[in-house]
Amino acid sequence: MTAVRQRKGSKGKEPGPSIQNLKPECITEPREWFATGGFSWWTILCITIGSIVGVSLGLLCCIYVATLHENDLWFSNIKEVEREISFRTECGLYYSYYKQMLKAPSVQQGLYELIHDNTTESKRTINILQRMNIYQEVFLSILYRILPIQTYLEPIYFYIYTVFALQTVYVFALFITSWLLSDSWLAGALSGVWYILNRVDTTRVEFTISLRENWSIPFFALQVAAITCYLRPQLKPIHQRVVLWLVFVSTFCFCLTWQFNQFVLLVQALIIFTLDCLDFFTAEQVVSLYLMQVMSLLLVWLLQFCNSMILGSLVLSFIVSVLFIKHFQTGLKTGSFVIRVGKLALHTLLVLTLTFTINYSAKKILQLKSDEHIFKFIKAKFGFGATRDFDASLYLCEEAFGVLPLDTFERLAGTVLLYPYLCTLSVLFILLLLVALSNLSTNGSGQANREKEDRTFTMRPDVAYNLLHTVFFGLLAFSTMRMKYLWTGHMCAFAAFGVCGKEVWTLYLRVLHCNTKTAMRLIRYSVPVVILAFLYYKFWPRMMEEISELREFYDPDTVELMEWIR
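Notes on the structure follow. What you see is a predicted model; the values in this text were computed from it and never measured.

Rules and cut-offs
- Residues numbered from 1 in each chain as written.
- Predicted model: local features only at pLDDT ≥ 70, side-chain atom pairs only at ≥ 80, totals over all residues.
- Heavy atoms only, no water.
- Helix = DSSP H or I, 4+ residues; strand = E, 2+ residues; numbered from the N terminus.
- Contact = heavy atoms within 4.5 Å.
- Areas by Shrake-Rupley, 256 points an atom, 1.4 Å probe, with all protein chains shown as cover.
- Expected span 1.5 Å × (residues − 1).
- Buried < 20%, exposed > 50% of the residue type's maximum accessible area, 1.4 Å probe, protein only.
- Phe/Tyr/Trp six-rings, centres within 6.5 Å; stacked < 30°, edge-to-face > 60°.
- Core = buried A, V, L, I, M, F, W, Y, C linked by side-chain atoms within 4.5 Å.
- Salt bridge = Lys/Arg side-chain N within 4 Å of Asp/Glu carboxyl O.
- Polar contact = N/O pair within 3.5 Å; in protein donor to acceptor, adjacent residues only side chain to side chain.

Now for the overall build of the protein. Scanning the protein from terminus to terminus reveals 27 helices and two strands. For the protein, the share of sequence-separated contacts (at least 6 apart) that also reach a separation of at least 24 residues comes to 76%. Per element, the accessible surface of the protein, about 26,700 Å² overall, is 65% carbon and sulfur.

Our focus in this paragraph is helix α23 (residues 461-479). Taking 1.5 Å of rise per residue, the 19 residues of α23 would be expected to cover 27 Å, and the 27 Å separating its terminal C-alpha atoms lies within 8% of that figure. With 15 of 19 residues buried, α23 is to be regarded as a mostly interior element.

Next up on the list: the packing of aromatic side chains. A full pass over the atoms with the stated rule returns 28 aromatic pairs. Where Phe273 meets Phe318, the ring centres are 5.6 Å apart and the plane angle is 75°; that geometry is what we call edge-to-face. Placement of Phe273 in helix α13 (residues 261-277) and of Phe318 in helix α16 (residues 314-328) is noted, with a sequence separation of 45 residues between them. As far as burial versus exposure is concerned, Phe273 and Phe318 are alike and both buried. Chaining the aromatic ring pairs together yields one cluster made of Phe220, Phe254, Trp258, Phe260, Phe263 and Phe473.

Formed by 163 residues in total, the largest nonpolar core has its most connected members in Trp194 and Met459. When residues of this core are assigned to their parent elements, the largest contribution, 16 residues, is made by helix α8 (residues 155-182). In this view, Trp194 contacts Thr415, Val416, Leu417, Pro420, Cys492, Ala495, Ala496, Val499, Ile531 and Leu535; residues no more than four positions away in its chain are not counted.

In this section: α8. For α8, built from 28 residues, the straight-helix expectation of 40 Å at 1.5 Å per residue is met to within 8% by its first-to-last C-alpha distance of 41 Å. Remark: Asp183 follows α8 within two positions and exhibits a positive phi of approximately 60°.

The next point concerns the pattern of salt bridges. For side chains of opposite charge, pairing can occur when their charged atoms come near one another. Under the criterion given, the structure shown has 24 salt bridges. Its salt-bridge partner being Arg212, residue Glu137 comes within 2.7 Å of it at the nearest N-O pair. Of this pair, Glu137 sits in helix α7 (residues 135-146) while Arg212 sits in helix α11 (residues 212-230), and the two are 75 residues apart along the sequence. Note on Glu137: relative accessible area 1%, which makes it buried. Between Arg482 and Glu213 there is a salt bridge, with the nearest N and O atoms lying 3.5 Å from each other. Placement of Arg482 in the loop between α23 and α24 (488-500) and of Glu213 in helix α11 is noted, with a sequence separation of 269 residues between them. Here Arg482 matches Glu213 in class, with each residue buried. Salt bridges here are not isolated pairs; linked through shared partners, they connect Asp276, Asp279, Lys326, Lys333 and Arg340.

Let's shift gears to the side chain of Ser182. Along the chain, the position of Ser182 falls in helix α8. What makes Ser182 buried here is its relative accessible area of 2%. Here Ser178 takes part through its backbone oxygen, which lies 2.7 Å from a polar atom of the side chain of Ser182. In this view, Ser182 contacts Ala187, Phe497, Cys500, Gly501 and Arg524; residues no more than four positions away in its chain are not counted.

Moving on: the environment of Thr558. Mapped onto the secondary structure, Thr558 falls in helix α27 (residues 556-565). Considered as a pair, Thr558 and Val81 are 477 residues apart in the sequence and their alpha carbons are 9.6 Å apart.

Here it is, written out as structure tokens:
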């Protein structure tokens, strides 16, 4: 059996780079960056310092997980066959396609072998590019052929270092999201530190390198950051178009690299639909975000040789239904409160009815049954009936598809992440309900729009989106433990926004009757610095101790078996 044992006769590596002490200078960003288009020297200095801190934290996370992987397996010292054995279950399968592309005489021959694969399934020839999301392996193999790195970097190292490098993208995306929400890069620093310290619950990249989620979730975080930027008030049209292209590119990369993309995008589409109904988004924003999702899915459909599972996905049926009914159901946001609620109820009913009708018809026409086991699993999981389907029953037996364990919250509370997250979530959710009720009480006229600006309580669209994002994906994580990695990363950014942003502190200071600029500035800068200092004092020694533990991969039976097969 495979075991990880204490390493013999080796010296520990030097400790990695330390987390720098962050000072409250140059930490704020005026919200009119994109609105005015002007950049003062102070703004440029703030952007520069914040960007350096964000990239540094991303690189720190990358180096940290790479060091843990090396120290846990002694990856640089074991044989090639042992390195490949360390890719367990489907991880090894995905890596084998990367290796197959590199061994092919040419890129064209490698692609032909993947399109006409007769080794993955017994007695069947299948198109791997259509069946699985392995374009990342194809792209990496081509990149490795092109770049002049073959002499000093082995293919397997190029593969794993690329995955680890995506953690830099992930942390930087969280950094940008919290920075945009709070107008302070201290929030970004706090979110990055929280992500690293809660590594057990935010990622499992160091021991499941090839899993599709480790490729895709960084792009999903980048998409959330782009949507947050797109929804900022008073964004110029040219900036909107640029950010929308970033939304499209990140959504496309996310969809191309993970087979569960359609279910994640369905949750996101429901968030957009909810905020549209509650009058937080403009019609242009809603249509644009929906179109980015549709265009990304259709492009992936083409690249996957017209994969019928994408056309038969529930999210495409839902978006088509929403846009169709939205076009014909005029006057949805006019009338008194009771009339608007009635219109929204009818609108929701029509959308759901048309969604299931289109989806059922599409699956019948395409004769699609490949995703039926997923819906059977969901039905059985929530007690709507038992299932005899093998795949669905296998999911039910897997611990990863069970309910989120309670010890997760103990770990999150230990890093002081859970408490500010819950405070921010509860306060802003109540505020969201109040603003939603106020929106529904207006009739959509110009006078009503002027009334919105004069309200005591308001909520920006980017804040509202991130609030419902963490709520929806939090519920998904509660129901299915494997999906917690979609939630916990954003949880770090949202909690950091609560600590460093003005929204929550303004409400608290109003209650205490001391809502002054001086008090606000003092709290927004001092509280995150105190939290960062505490986290450094408590966890830095633990991280150094964790890095100093040296083990090695040990599985002689499997190695002997593989060598015998060769």
